[in-house]
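Fold and contact review
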Amino acid sequence: MTNLTHLSIKESVDGLKNKDFSSVELTTEYLNHCKKYESLNAFITLTEDKALEQAKQSDNKIAAGNAGLLEGITVGVKDLFCTTGVKTTAASHILGNFIPPYESSITKNLFAHGAVMVGKTNLDEFAMGSANITSHYGNVINPWKRNGDETNLVPGGSSGGSAAAVSARLCAAALGTDTGGSIRQPAAFTGTVGIKPTYGRCSRWGTVAFASSLDQAGVFGKNTLDCAFMLEAIAGYDEKDSTSVNKDVPKWSSSISADMKGKRIGIPKEYIADGMPSEIKALWEKGAAWLKEAGAEIVEISLPYTKYALPTYYIVAPAEASSNLARYDGVRYGHRTSKPVKSLDEMYEQTREEGFGDEVKRRIFIGTYVLSHGYYDAYYLKAQKIRRLIAQDFNQAFEKVDAILTPTTPSAAFGIGEKMDDPVAMYLNDLFTVPASLAGLPGMSVPAGLSSQGTPLGLQILGKPWDEQTVFNVGAAIEKAANFDSIPTLLKGE
Ligand code: GLN
């Protein structure tokens with residue numbers, strides 16, 4: 001029998017239907033893989049019993065001819081989505097003992113479609129980071145390595161555990177969240193496909209909040225079609241989230257087409273960043289050439305406010321984070337200091353000092369500062385105005401083009417330990433992903449080639465609001481042309 005963990009969702013669904021294997025068998029193979037590659041630290045919690053129980057139910061449903069869209073398919077769930085009865089930590093010490101009594105809308109949807117959860121994946125603490133090195137539960141290791149170099153590489157962040165898990169075949173697909181690039185950037189670093197839909201497409205209810213006006217759930221998969229199945233399962237209106245939008249969820253999976261005839265693809269000249277490595281630029285040009293070959297017209301566009309996106313994001317996101325994270329006070333749930341304290345204020349302070357890591361504290365400081373009296377107008381209000389201009393840039397560009405093509409990241413995955421002592425160098429990773437987040441646009445990263453050191457590189461596709469279909473289609477065209485079939489260093493020889 002072929003290694004079941006290498007099958008796509010479509011192949012697995014067909015195999016389950018044809019009784020080539022059962023969901024319990026499929027799940028067991030993935031669970032064995034999870035244990036074999038435990039040292040990647042991709043999961044905070046493995047949910048073996050729950051997975052096998054869900055798989056059994058899926059087998060019954062399949063036998064009864066009652067299968068859902070993802071019936072019997074194993075998934076990883078970023079540990080930011082609340083799961084009933086399963087510890088949900090946000091990779092923070094402050095939520096280290098938190099067991100939600102309720103289910104997030106996204107995982108509820110996923111389970112309603114028959115998915116089997118193998119575990120809760122590791123992430124940067126409260127989804128703040130670009131390298132998965134800020135988790136209280138340790139770094140996640142990228143299953144890829146540079147040629148002839150044993151250095152452990154980062155998987156990207158913040159959804160690094162989900163990306164590493166899909167890349168190393170620890171689950172068929174995984175859930176992530178993307179606030180400024182946390183799905184697209186780790187997808188690029190691990191050779192997986194990752195999509196963040198339009199803001200408002202997926203419910204935020206029951207997902208631990210980082211920056212509420214930016215946070216969106218999304219998915220990782222082995223290919224674009226798998227991502228389409230996953231996104232169809234989780235997307236949809238939810239009255240419990242006031243920013244959820246009441247729009248039908250299209251069947252993206254049945255309409256994916258790599259034919260680019262009649263499509264206009266924009267290449268934003270402002271994304272040619274200073275010091276961009278030549279191989280990133282070359283891959284971008286190759287991507288444009290592939291789309292042209294597939295029938296698209298390539299158009300140079302201008303997004304003049306791009307250069308303000310990163311500073312704007314690093315004002316808006318920490319501002320919202322400082323407000324969202326005020327709720328962790330040690331009173332109702334989560335960690336509380338055990339040190340003797342003399343007052344309620346001291347209890348709050350000591351609990352938060354112990355509970356939050358350095359990066360989270362840095363964001364709270366920045367956020368509180370930009371929201372404080374005297375600085376609010378100069379920073380926060382200004383950032384909000386620029387955010388509007390960035391969105392306007394995209395609106396104007398989309399009058400001329402159907403989608404935009406850029407590199408996903410300014411570099412390939414770097415080593416654990418590199419860039420760690422310089423927060424600004426770390427923030428620069430988000431250069432290409434952050435503008436679309438500020439504008440609420442759908443974006444996807446598709447693996448498009450290997451760096452000179454043999455590690456994956458991704459191309460990013462941005463679409464008009466609610467036009468995930470075009471994003472999937474352009475992604476499929478890149479996927480077809482790139483024919484990226486490399487498997488992570490770790491799995492070679494399997
Ligand atoms: N890397 C970005 C940050 O640190 C984005 C994180 C995210 O999208 N959750 O804020």
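The structure this text deals with has already been given above.
These remarks concern the structure in this document. (Residues numbered from 1 in each chain as written. Predicted model: local features only at pLDDT ≥ 70, side-chain atom pairs only at ≥ 80, totals over all residues. Heavy atoms only, no water.)

Some words on the overall build of the protein chain
Which entries qualify depends on this criterion: Secondary structure counts use DSSP, requiring at least four H or I residues in a row for a helix and at least two E residues in a row for a strand, with both numbered from the N terminus. In this treatment the radius of gyration is a C-alpha quantity, and the globule benchmark scales as 2.2 Å times the residue count to the 0.38 power. We call a residue buried when its accessible area falls under 20% of the maximum for its residue type, exposed when it is over 50%, and partly exposed in between, using a 1.4 Å probe and counting protein chains only. The contact criterion used throughout is that any non-hydrogen atoms of two residues lie within 4.5 Å. In these tables, accessible area is a Shrake-Rupley quantity obtained with a 1.4 Å probe, and a residue counts as shielded only by the protein chains included in the view. This count recognises Lys and Arg as positive and Asp and Glu as negative, with His and chain-terminal groups excluded. The location of each charge is read from NZ of Lys, CZ of Arg, CG of Asp or CD of Glu.
Regarding its fold elements, the protein chain presents 16 helices and 11 strands. Against the globule reference of 23 Å for 494 residues, the protein chain gives a C-alpha radius of gyration of 21 Å, in line with a compact fold. Once the C-alpha set of the protein chain is aligned to its principal axes, its extents read approximately 65 × 50 × 50 Å. Split into buried and exposed, the 494 residues of the protein chain put 60% on the buried side. Once local pairs closer than 6 in sequence are excluded, the contacts in the protein chain between residues at least 24 apart make up 77%. With an accessible surface of roughly 18,800 Å², the protein chain has 51% of that area assigned to carbon and sulfur atoms. Both charge centroids of the protein chain, one from 49 positive and one from 55 negative side chains, sit 3 Å from each other.

Points about the pairing of strand E5 (residues 193–196)
Let me state the cut-off plainly: One requirement defines pairing of two strands: DSSP has to find at least two bridges between them.
Side chains Val 193 and Ile 195 of E5 all project onto a buried face; the interleaved residues Gly 194 and Lys 196 project onto the opposite face, where all are buried too. Bridging between E5 and strand E6 (residues 216–221) involves 3 bridges; their strand directions are antiparallel. Following the sheet pairing, Gly 194 is matched in E6 by Phe 220.

So, the environment of Thr 455
Within the secondary structure, Thr 455 sits in the loop between strand E10 (443–450) and strand E11 (456–463). Considering only alpha carbons, one finds Thr 455 and Leu 69, 386 residues apart in sequence, at a separation of 33 Å.

Focus: helix H3 (residues 48–63)
Convention followed: Helices are assigned an expected span. That span is 1.5 Å times one less than the residue count. Arc definition: it is the arc formed by the directions from the helix axis to the C-beta atoms.
The end-to-end C-alpha separation of H3 is 22 Å, in line with the 22 Å expected for 16 residues at 1.5 Å each. Every buried residue of H3 is accounted for by Ala 51, Gln 54, Ala 55, Ser 58, Asp 59 and Ile 62. The buried residues of H3 all sit within an arc of 150° when viewed along its axis, so they share a single face. Counted as exposed and oriented over 90 degrees from the buried face of H3: Asp 49, Asn 60 and Ala 63. Those residues of H3 that are buried lie in contact with helix H1 (9–17), helix H2 (23–36), helix H4 (105–112) and strand E3 (116–121). At the exit of H3 stands Gly 65, carrying a positive phi of roughly 70°.

Some details on helix H9 (residues 278–293)
Relative to the 22 Å expected for 16 residues at 1.5 Å per residue, H9 spans 22 Å between its end C-alpha atoms, a close match to the ideal helical length. Of the positions making up H9, those classed as buried are Ile 280, Leu 283, Trp 284, Gly 287, Ala 288, Trp 290 and Leu 291. In an axial view of H9, the angular spread of the buried residues amounts to 155°, which keeps them on one side of the axis. With respect to the buried face of H9, the exposed residues turned more than 90 degrees away are Ser 278, Lys 292 and Glu 293. Each element contacted by the buried residues of H9 is listed here: strand E7 (264–268), strand E8 (297–301), strand E9 (403–407), E10, E11 and helix H16 (468–482). Within two residues after H9, Gly 295 carries a phi angle of roughly 115°, on the positive side.

Let's talk about the site of the ligand
Just so we agree on the cut-off: A single heavy atom is enough: if one lies within 4 Å of a molecule or strand, its residue is considered near that molecule or strand. Pairing of N or O atoms within 3.5 Å defines a polar contact, subject to two protein rules: one partner must be a possible hydrogen donor and the other a possible acceptor, and residues neighboring in sequence count only if both atoms are side-chain atoms. Under the grouping applied here, Gly and all other residues not named as nonpolar or charged are polar, the nonpolar ones being Ala, Val, Leu, Ile, Met, Phe, Trp, Tyr, Cys and Pro and the charged ones Asp, Glu, Lys and Arg.
Near the ligand, the surroundings consist of 15 residues, among which Thr 179, Gly 180, Ser 182, Tyr 313 and Arg 363 are the closest. Note that a nitrogen atom of the ligand is positioned 2.7 Å from one of the side-chain N or O atoms of Ser 182. The residue inventory of the shell around the ligand, partitioned by class, reads 5 nonpolar, 7 polar and 3 charged.

Description of the side chain of Ser 411
For Ser 411, the location among the structural elements is in the loop between E9 and helix H14 (423–427). In this structure, Ser 411 is in contact with Phe 189, Ile 280, Lys 419 and Leu 457, ignoring residues within four places of it in sequence.

From the geometry alone we can't say anything about function, so treat these as descriptive.
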